[in-house]
Amino acid sequence: HYTFFDGKPRWPEGTTELTYAFDPGNNLEDVVKNVFARAFSRWSEVTTINFTETTSFSDADVKIGFYTGNHGDGEPFDGVLGTLAHAFSPTDGRFHLDGAEDWVASGDVTTASLSTAVDLESVAVHEIGHLLGLGHTSVKEAIMYPTITAKTRKVKLMDDDIAGVQNLY
Ligand code: TQI
Ligand code: ZN
Ligand code: ZN
C-alpha cells in the first residue's frame, strides 16, 4: 500500500501547473531532457497537475541536476550503483541524480552491455512520485516500491501509485 511523507506534505491546493528546469551547468542532451518530459507526463495523466519546462533554474518549482559525491545538501552520492538519485518532499522541489551512474536514456536497458546500466526514465518516474509527496509502497509491482535492480525498466504507474497520488491531488 502507498504511503506519504510525515505530515503528508503536498503542493498547494489548486496547483495545476508546476515548472521544472535543468541545472544549466549540466548541459544535457535533448534525448535526456525528453526522458524527463515523458516521466512527468505519466503523472500528469492521472492528476490535474501539468509540468512544463522553464529555462530559469532559480524560479523553477522542480530543479533537476546531475551531481557526483558531495554536492552541498548533506546527502552525498556514492558512485556507481547504491544510491541512484534522490528527490525532496513537497514543496522543496530538488531532484538530484548521481552523475556517476551509467544512465540509459535511449534504447533498451535490458540488453545494455554494461551490467551497471540504469534506466533513467524508471528512476525519474519514481523520484517524481517523491516530489509529489508519495513515500514508498509495499506493493512490489508499483513504481514507488523501494527496490530496483540494474538493467530493469519499470515506468508504468500501477493502481497503487495512482490511488496514492489521487489521494493527494
Ligand atoms: N534513492 C532513494 C529513493 O528514491 C532515496 C531514498 C531513500 C528516499 N529513502 C527515501 C527518498 C525515502 C524518499 C523517501 O528511494 S535510490 C529506487 C527504487 C532509488 C531507489 O537511488 O535508492 C528508485 C532511486 F525504488 F527502485 F529503489 C530510484 Cl526507482
Ligand atoms: Zn542532492
Ligand atoms: Zn524512493
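Higher on the page you've got the structure.
These remarks concern the structure in this document.

**Quick word on the coordination of the zinc ion (ligand 2)**
- Binding of the zinc ion (ligand 2) to the protein goes through His71 (NE2), Asp73 (OD), His86 (NE2) and His96 (ND1), at separations of 1.9 to 2.0 Å.
- Metal-centred angles of 94 to 116 degrees between the four donor atoms at the zinc ion (ligand 2) mark the site as tetrahedral.

**Digging into the packing of aromatic side chains**
- Summed over all chains, the structure comprises eight aromatic pairs.
- On the numbers, 4.3 Å between centres and 25 degrees between planes, the contact of Tyr20 with Phe40 is stacked. Of the two residues, Tyr20 sits in strand E1 (residues 17–22) while Phe40 sits in helix H1 (residues 30–44), which places them 20 residues apart along the sequence.
- A residue is classified by how much of its surface remains accessible, and Tyr20, at 5% relative accessible area, is buried.
- The class of Phe40 is buried, set by a relative accessible area of 1%.
- With centroids separated by 6.2 Å and ring planes inclined at 80 degrees, the aromatic side chains of Phe66 and Trp103 adopt a geometry described as edge-to-face. Here Phe66 is found in strand E3 (residues 62–67), whereas its partner Trp103 is found in strand E6 (residues 102–104), with 37 residues between them in sequence.

Cut-offs used in this document
- Residues numbered from 1 in each chain as written.
- Chains lettered and ligands numbered in written order.
- Predicted model: local features only at pLDDT ≥ 70, side-chain atom pairs only at ≥ 80, totals over all residues.
- Heavy atoms only, no water.
- Donors = N, O, S within 2.8 Å, 3.2 Å for Na, K, Ca; no water.
- Tetrahedral: all angles 85-135°; square planar, octahedral: opposite > 155°, others 65-115°.
- Phe/Tyr/Trp six-rings, centres within 6.5 Å; stacked < 30°, edge-to-face > 60°.
- Helix = DSSP H or I, 4+ residues; strand = E, 2+ residues; numbered from the N terminus.
- Buried < 20%, exposed > 50% of the residue type's maximum accessible area, 1.4 Å probe, protein only.

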